[in-house]
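What follows is each chain in one-letter form.
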Amino acid sequence: MKLKLLLLTGLFGFIIGNNCISQVIVDSKAVVSNVDFNLINEELVITYDIENSRPGELFLVKVNILTETGKAISAKSLKGDVGGNVSGGLQKKIIWEISKDIAFLDDKISVEVEAVNQNPKLIHPVSKGIALLLSTVYPGLGSSKITLKGYHLIKGVAAYGSLAGSFLYQQKSDRSALDYDAAVTAADRDKYFAANHDQKQLSKILMYTAGAIWLIDYITVLASENRSQKKGFKSKIVYLGPAIGSQSYVAGMTMICNF
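Residues numbered from 1 in each chain as written. Predicted model: local features only at pLDDT ≥ 70, side-chain atom pairs only at ≥ 80, totals over all residues. Heavy atoms only, no water.

Engineer: Which residues make up the packing of helix α4 (residues 154-182) against helix α5 (residues 186-223), and what values go with them?
Structural biologist: For the pair α4 and α5, interaxial distance at closest approach is 8 Å and the crossing angle is 160 degrees. Relative to α5, the element α4 lies roughly antiparallel. Relative to α5, α4 is oriented so that their crossing is left-handed. Looking at the contact of α4 with α5 residue by residue, the class counts come to 16 nonpolar, 11 polar and 6 charged. (Axes fitted to C-alpha atoms, helices over the stretch in contact; angles between N-to-C directions. Helix = DSSP H or I, 4+ residues; strand = E, 2+ residues; numbered from the N terminus. Parallel < 35°, antiparallel > 145°, perpendicular 65-115°, else oblique. Left-handed = near helix turned anticlockwise from the far one by under 90°. Nonpolar A, V, L, I, M, F, W, Y, C, P; charged D, E, K, R; others polar.)

Rendered as structure tokens:
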């Protein structure tokens, strides 16, 4: 019996360990938009937005400048919102100091802004069996892991709050029963009998409420799609495409720079 218990404990630890190690990277919902550029005093000023980013989300931003034939231009003298640790938000700006990289530019060019999530949200893939176990310990924990929705955790507060209330009213009911036994008048006995009855009823209602919350969470785990195993992908480029310049509105051939 002891050996079986040890084997089961080891197996459970192996399952938990595998789920903790197998992290999945969730795609960012951020998107690069409103890319534009202008030539100002022999500097190319590129503007763009990173929309729908989470607070604290950081990006590795790269700029690709291409000629009309698709040839890449080596643009290294870049400053502003480019490189690593760029936060999301609007009105981002990159400045390319053209003369530091090339002697002249006499071609139609397009600009591509590429942003890769540096700190994507990590989740642990969880099986429904593990989720049921987690929900047994704390209602809402398993369903939150399965659905990736944090609001399920409020079930645990409600369930344990109901249990605590049930225990409290049961204690009050016991005290009312003792007071009933010690009462010397009919009026006191009636008062304590009614209090004992009401407190017992409240205790039962709260106990049933806690049980219902646990049951609802089990059903949620079993009936819900396991997004923890389906949604995970590697971090990817959130935008890669030609800009449309403010002086010409033809994608891929947005401006002619002569100097």
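What follows continues from the structure just given.
Engineer: An account of the nonpolar core is requested, with residue identities and associated values reported.
Structural biologist: Formed by 23 residues in total, the largest nonpolar core has its most connected members in L44, Y48, V61 and I65. The set of elements that each furnish at least two residues to this core consists of β2 (31-40), β3 (43-51), β4 (58-67), β8 (89-97) and β9 (107-117). Listed in part, the 5 residues of the second largest apolar core include V126, I130, I146 and V221. (Core = buried A, V, L, I, M, F, W, Y, C linked by side-chain atoms within 4.5 Å. Buried < 20%, exposed > 50% of the residue type's maximum accessible area, 1.4 Å probe, protein only.)

Engineer: Account for the sheet that holds β2, naming residues and giving values.
Structural biologist: Sheet architecture is open: 4 strands sit in the order β2-β3-β8-β6, paired in antiparallel fashion. This sheet does not close on itself; its edge strands, each paired only once, are β2 and β6 (78-80). The mean inter-strand angle of the sheet, taken between neighbouring strand axes irrespective of direction, is 25 degrees. Summarising the sheet, β6 and β8 pair through 3 bridges and their orientation is antiparallel. Along β8, the bridge assignment pairs G80 with I94. (Pairing = 2+ DSSP bridges.)

Engineer: Help me get a handle on the packing of helix α2 (residues 128-137) against α5, residues and values and all.
Structural biologist: The geometry of a pair of packed helices is captured by two quantities: the angle between their axes and the separation between those axes. The interhelical angle for the contact between α2 and α5, taken along N-to-C directions, is 165 degrees, at an axis separation of 10 Å. If you check the angle between α2 and α5, you find them roughly antiparallel. Crossing of α2 against α5: the hand is right-handed. Taking contact as the criterion, the partners of K128, A131, L132, S135 and T136 in α2 are, on α5, W214, D217, Y218, V221, L222 and A223. Along the lines of polarity and charge, the residues of the contact of α2 with α5 split into 7 nonpolar, 2 polar and 2 charged. (Contact = heavy atoms within 4.5 Å.)

Engineer: How would you summarise the pattern of salt bridges if you had to cite specific residues and measurements?
Structural biologist: One pass over the structure, following the stated rule, counts 4 salt bridges. The salt bridge partner of E57 is R54, with a shortest N-O separation of 3.4 Å. For E57, a relative accessible area of 2% puts it in the buried group. With a relative accessible area of 32%, R54 lands in the partly exposed category. E97 serves as the salt-bridge partner of K100, at 3.4 Å between the closest nitrogen and oxygen. When its relative accessible area of 57% is taken as the criterion, K100 is described as exposed. Shared partners join several salt bridges into a network, and the residues in it are K79, E97 and K100. (Salt bridge = Lys/Arg side-chain N within 4 Å of Asp/Glu carboxyl O.)

Engineer: So what's going on with the side chain of S166? Residues and values would help.
Structural biologist: With respect to the helices and strands, S166 occurs in helix α4. Among all residues touching S166, those that are not within four sequence positions of it are S203, L206 and M207.

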